[in-house]
Amino acid sequence: MQQDDQRKTKVKKGSLVVQVGLEGDADVKKFVIPIAYLYHPLFNNLLDQTYEMYGYQTHGPLRLPCSADDFIHLRWRIEKEYTRLQHHHHHHHGHQYYHALPFHAC
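*Asks:* I would appreciate a short explanation of helix 2 (residues 41-54) in the present structure.
*Replies:* The periodicity of an α-helix, 3.6 residues per turn, causes residues three or four positions apart to be oriented the same way. With 14 residues, helix 2 should cover 20 Å at 1.5 Å per step; its first-to-last C-alpha distance of 20 Å lies within 8% of that length. Three or more residues of helix 2 are buried, namely Leu 42, Phe 43, Leu 46 and Thr 50. Looking straight down helix 2, one finds its buried side chains confined to an arc of 90°; they lie on one side. At the C-terminal side of helix 2, Gly 55 shows a positive phi close to 80°.

*Asks:* What am I meant to see in the sheet that holds strand 1 (residues 15-20) here?
*Replies:* Note on sheets: strands pair through backbone hydrogen bonds, and any given pair is parallel or antiparallel. Spatially, 2-1-3 is the arrangement adopted by the three strands of the open sheet, whose pairing is mixed. Across the chains shown, the open sheet's two edge strands, defined by having one partner strand only, are strand 2 (29-34) and strand 3 (62-64). Neighbour-to-neighbour, the strand axes of this sheet turn through a mean angle of 40°, independent of strand direction. Alignment of strand 1 against strand 2, held across six bridges, turns out to be antiparallel. The residue bridging Val 18 from the neighbouring strand is Phe 31, located in strand 2. In the packing of helix 2 onto the sheet, the strands contacted are strand 2 and strand 3, and the crossing angle to strand 3 comes to about 100°.

The rules behind these values
- Residues numbered from 1 in each chain as written.
- Predicted model: local features only at pLDDT ≥ 70, side-chain atom pairs only at ≥ 80, totals over all residues.
- Heavy atoms only, no water.
- Helix = DSSP H or I, 4+ residues; strand = E, 2+ residues; numbered from the N terminus.
- Expected span 1.5 Å × (residues − 1).
- Buried < 20%, exposed > 50% of the residue type's maximum accessible area, 1.4 Å probe, protein only.
- Arc of directions from axis to C-beta.
- Pairing = 2+ DSSP bridges.
- Axes fitted to C-alpha atoms, helices over the stretch in contact; angles between N-to-C directions.
- Contact = heavy atoms within 4.5 Å.

Okay, here's the thing in structure tokens:
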């Protein structure tokens, strides 16, 4: 049984596990996200809020203070922007930049 638990937590290289849920929320969900998210301005805003709420010390997956629905929306926005940038990159040879879109919920 212990091996099953270890297999469930194995994450592929270049990814990390985060937990999302509001304080007091019994329904905390786990997501596997690419490490590249850590460099995105929208995700950085969420990390700042995480630090304000929990500090830097954590045991287990990183806990993000937002609802699962808000996190899914944030992830969609980041993916949409990455897709747009990849398309832009193919046409303009590597001028990669981010537009910090306002994110209200998390």
